[in-house]
Amino acid sequence: MEKLSVIVPTYNEAGNVEALVSRIDKALEGIVHDIWFIDDSTDQTPEVLQRLSEQNPGVHYEHRTGEKGLATAVIRGFEIADGDFLACMDADLQHPPEILRPMTAALRSGADLCIPSRLIPGGSDGGLNWYRKLVSGTARWMGKIALPCLRNISDPTSGLFMFRKKILEGADLAPVGWKIMVEVLAMTHYRLIVEIPYEFHDRATGESKLSKNVTLQYIQQLAGLRFRAVKHTAVLVSRWSPEFTERMVRKYL
Ligand SMILES: Nc1nc2c(ncn2[C@@H]2O[C@H](COP(=O)(O)OP(=O)(O)O)[C@@H](O)[C@H]2O)c(=O)[nH]1
Ligand SMILES: [Mg+2]
């Protein structure tokens, strides 16, 4: 049975990580998994993570002091997590951990990548206010114009995705900015992507670290990827309905 490693970047998420771990463990009952926090916090998060990792052998964390930044944190997670499947998820419970179960079913059914979507039937981006909806819609639109590999994917700019670790072999990922999934989609080779619907939620506690700088970094990232992106041929994107997703969970888990 393949092992799943869930990678969670954290910056001042002391109020969220304990609930996150217990919901991930519950969602993944019966699935071999572990959780890797890459933490740059200045609050109590490292103390909470230390306690959680003592109580739970499936919780690992690395606290960085010399380095900061979402992209380098996630790429560090890719290096140290040893699962056959890797998932990336935010710590603030905006990505409901229960979605990890159907994502695992999608990979077990043969997908190379599973990308949950707020924008297909059964999904919702209810956790965003109108301004964040506009920012998020503009980011998607810019991404699709710059990179053909994003065009058939409905929600390619979030921080929630799962993939077979082997697609990273030989990939030249640049740790720029905020949109790691865009980097993975542009720089790796894959055949089958599965999209499943999910409901995005309000941040549980703490505050967003999104800054104006992030928009600028995203534009730089897209400009670089126009030249660096690998050639993708014969990629199939399969979009699962809520009912089909349930059937596949029963079949594969
Ligand atoms: N390790 C690390 N994680 C970060 C950093 N900045 C943000 N994060 C984490 O990245 C995830 C998404 O950040 P968030 O502020 O919720 O962004 P938003 O959802 O776009 O408002 C959360 O789990 C944050 O704790 C950082 O500099 N380092
Ligand atoms: Mg968030």
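In the block above lies the structure referred to throughout.
Notes on the structure follow. (Residues numbered from 1 in each chain as written. Chains lettered and ligands numbered in written order. Predicted model: local features only at pLDDT ≥ 70, side-chain atom pairs only at ≥ 80, totals over all residues.)

## Considering the environment of Gln217
Mapping Gln217 onto the fold places it in helix α7 (residues 212-228). Here the alpha-carbon distance between Gln217 and Lys179, two residues 38 residues apart in the chain, equals 9.3 Å. Sequence-distant contacts of Gln217, that is, excluding residues within four places in its chain, are made with Val176, Gly177 and Trp178. (Helix = DSSP H or I, 4+ residues; strand = E, 2+ residues; numbered from the N terminus. Contact = placed C-beta atoms within 7 Å.)

## A closer look at the site of ligand 1
Near ligand 1 there are 19 residues, and of these Pro9, Tyr11, Ala73, Ala91 and Ser208 occur at the shortest range. Of all the secondary-structure elements, those providing two or more residues to the shell around ligand 1 are β1 (4-10), β2 (33-39) and α3 (70-80). A per-class count over the shell around ligand 1 returns seven nonpolar, five polar and seven charged. (Near = placed C-beta within 6 Å. Nonpolar A, V, L, I, M, F, W, Y, C, P; charged D, E, K, R; others polar.)

## Examining the nonpolar core
In terms of nonpolar packing, the biggest core is built from 65 residues, with Val6, Ile7, Ala87, Met103, Cys114, Phe161 and Met162 touching the most fellow members. For this core, the leading source of residues is helix α6 (residues 180-187), giving six residues. Among all residues touching Ala87, those that are not within four sequence positions of it are Leu4, Val6, Ile7, Leu100, Met103 and Met162. (Core = buried A, V, L, I, M, F, W, Y, C linked by C-beta atoms within 7 Å. Buried ≥ 20, exposed ≤ 12 C-beta atoms within 10 Å, placed from the backbone.)

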